Amino acid sequence: MARAAQSATPPTELLERLLAAEADALTQRRIERRINESRLPERKLLTDFDFDFQKGIDKAQIMELAKLNFIHRKQGVIIAGNSGTGKSHIAKALLLLGCRETYRCRYTTASDMLRDLFSGLADDTLALKLKRYLTPDLLLIDEVGFDRLEQQDPRNACLFHKVIDGRYCKKSTMITSNIDFKELGDYLGDPVITTAIVDRMVHHAIILSIEGPSWRLHQSQQLNNRTTRD
Ligand SMILES: Nc1ncnc2c1ncn2[C@@H]1O[C@H](COP(=O)(O)OP(=O)(O)OP(=O)(O)O)[C@@H](O)[C@H]1O
């Protein structure tokens, strides 16, 4: 206000500037809140992704996904491929973009989600816990098939089904996996229910299959080469 008085800024212009700054700060706070609520463990960006390294990924397709129309269309996205090929990086970056728009998003790994839902069975809070995974506009279930589930129990398939079926055609779900869907029945403990899960997951979904080298391996090879040279 002192500066405005010095430069004889008209009061309406001053008010306009103050309100714009407040509106920007409010938008920023809302974005931060959505990111925190999403439980995203790290903020990955598509601009940090080396598309030249991973030739198996169609950059144009990812940039199309980055427009987030799939959330609006309540479409699923499945990113499959070997370890280290960048599946989680891309999925997390898309989730972050979702938070930056007005979407409510949630990140989980398959094992964390199933552990959480199992605890809901134990203390009769399943309905409440399911809400966490059913209400977000975008749910990312990362690392499907990645590790052995804590509870080796066919109810894993029932719980997974509750989430997928509850979101089917209503909300968008992103899944990353390093196993073939044929192995999902063993992973979730019930092949029959898993067939119903896969059916819903792939229906109308955008499926990206990344066949390529591991970025982690590439990084450690580069490091080794550098150390040998030094
Ligand atoms: N093409 C790439 N450009 C830049 N960083 C990459 C690329 N691919 C992977 N990374 C980085 O390598 C690490 C592993 O990638 P990411 O977790 O996305 O792999 P993943 O395919 O999900 O593997 P996993 O199935 O083992 O979880 C991350 O830190 C990620 O940011």
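Residue numbers run consecutively from 1 along every chain, following the written order of its sequence. Thresholds applied to this predicted model are a pLDDT of at least 70 for local features of residues and 80 or more for the giving and counting of side-chain atom pairs; totals over whole chains, interfaces and linings are not thresholded and use all residues.

**Student:** Could you give me a rundown of the overall build of the chain, with the residues and numbers involved?
**Tutor:** Runs of E in the DSSP output that reach at least two residues are strands. Runs of H or I that reach at least four are helices, and both are numbered from the N terminus. Counting its regular elements, the chain contains 11 helices and 5 strands. Compactness check: the chain gives a C-alpha radius of gyration of 22 Å against a globular reference of 17 Å for 230 residues, more than 25% above the reference. Our contact criterion uses C-beta atoms placed from the backbone: two residues qualify when those atoms are within 7 Å. In the chain, the proportion of contacts linking residues at least 24 apart, taken out of those at least 6 apart, comes to 85%. Between the two quantities, the radius of gyration covers C-alpha atoms and the globule rule is 2.2 Å times the number of residues to the power 0.38.

**Student:** A description of the packing of helix α6 (residues 110-122) against helix α7 (residues 126-134) should follow, citing residues and the corresponding values.
**Tutor:** In this analysis, axes come from line fits to C-alpha atoms, helices being fitted only over the stretch in contact, and the angle between any two N-to-C directions falls in the range 0 to 180 degrees. In the contact formed by α6 and α7, the axes pass within 8 Å of each other and the chain directions differ by 155°. Relative to α7, the element α6 lies roughly antiparallel. Contact with α6, carried on its side by Met113, Asp116, Leu117, Gly120 and Leu121, involves Leu126, Leu128, Lys129, Leu130 and Tyr133 of α7 and no other residues of that element. Residue composition of the contact of α6 with α7, by class: 7 nonpolar, 1 polar and 2 charged. In this scheme, roughly parallel covers angles under 35 degrees and roughly antiparallel covers those over 145, while 65 to 115 is roughly perpendicular and the rest are oblique. Side-chain classes are defined by residue name, with Ala, Val, Leu, Ile, Met, Phe, Trp, Tyr, Cys and Pro counting as nonpolar, Asp, Glu, Lys and Arg as charged, and the others, Gly among them, as polar.

**Student:** Which residues make up the sheet that holds strand β2 (residues 105-109), and what values do they have?
**Tutor:** Two strands are said to pair when DSSP picks up at least two bridges between them. Read across the open sheet, the 5 strands follow the order β2-β3-β4-β1-β5; overall the sheet is parallel. The sheet terminates laterally at β2 and β5 (206-210), the two strands that pair on one side only. The mean inter-strand angle of the sheet, taken between neighbouring strand axes irrespective of direction, is 10°. α6 rests against β2 and β3 (138-144) of the sheet, and its axis sits at about 95° to β2.

**Student:** An account of the site of the ligand is requested, with residue identities and associated values reported.
**Tutor:** Any residue whose backbone-placed C-beta atom lies within 6 Å of a molecule or strand is treated as near that molecule or strand. Surrounding the ligand, one finds 20 residues, the nearest of these being Ser83, Gly86, Ser88, His89 and Trp215. Contributing elements (two or more residues each) for the shell around the ligand: α5 (87-100) and α11 (215-229). In terms of residue class, the shell around the ligand is made up of 4 nonpolar, 10 polar and 6 charged.

**Student:** Just give me the short version of α11, but keep the residues and values in it.
**Tutor:** Helix length check: α11 (15 residues) gives 21 Å between terminal C-alpha atoms against 21 Å at 1.5 Å per residue, within 8%. Three exposure classes are used. Buried residues have 20 or more other C-beta atoms within 10 Å of their own C-beta, exposed residues have 12 or fewer, and partly exposed residues fall in between, all C-beta atoms being placed from the backbone. Across the 15 residues that make up α11, only a small minority, 0, are buried. The span one expects for a helix is its residue count, reduced by one, times 1.5 Å.

**Student:** Can you explain the nonpolar core? Please cite residues and give values.
**Tutor:** In globular proteins that are soluble, nonpolar side chains generally tend to be buried together. In terms of nonpolar packing, the biggest core is built from 43 residues, with Ile79, Leu95, Leu140 and Phe160 touching the most fellow members. With 7 residues, α5 is the single largest residue contributor to this core. Ignoring sequence-local partners within four residues, the contact set of phenylalanine 160 consists of Leu114, Leu188 and Ile197. When buried Ala, Val, Leu, Ile, Met, Phe, Trp, Tyr and Cys residues are joined through C-beta atoms within 7 Å, the set is termed a nonpolar core.

**Student:** Describe in detail the UniProt feature "domain: AAA+ ATPase" (unreviewed entry) in the chain, supporting the description with residues and values.
**Tutor:** UniProt positions are given in the numbering used here, feature names are shortened, and annotations may be inferred rather than shown by experiment. The feature "domain: AAA+ ATPase" (unreviewed entry), as annotated in UniProt, sits at residues 73-208 in this numbering. Strand forms 19% of residues 73-208 and helix 49%; the C-alpha atoms that close the span are 17 Å apart.

**Student:** Residue-level account of the confidence of the model for the chain, with values.
**Tutor:** On average, residues of the chain carry a pLDDT of 93, and 100% of them reach 70 or more. Complex prediction metrics read pTM 0.91 and ipTM 0.98. Values of pLDDT, ranging from 0 to 100, describe the predictor's confidence in every residue of the model.

**Student:** How would you explain the environment of threonine 102 if you had to name every residue and give the values?
**Tutor:** Position of threonine 102 relative to the elements: it lies in the loop between α5 and β2. Taking the C-beta count within 10 Å as the criterion, threonine 102 has 11 such neighbours and is therefore assigned exposed. Considering only alpha carbons, one finds threonine 102 and arginine 30, 72 residues apart in sequence, at a separation of 8.9 Å.

**Student:** A description of the pairing of β3 should follow, citing residues and the corresponding values.
**Tutor:** Here β3 lies mainly inside the structure; 6 of its 7 residues are buried. Pairing between β2 and β3: 5 bridges, direction parallel. Following the sheet pairing, threonine 108 is matched in β3 by isoleucine 141. A crossover gets the label right-handed when its path from the first strand over the helix to the second runs clockwise, viewed with the strands pointing away from the viewer. The parallel pair β3 and strand β4 (residues 172-177) is bridged by helix α8 (residues 155-167), and the resulting crossover is right-handed.

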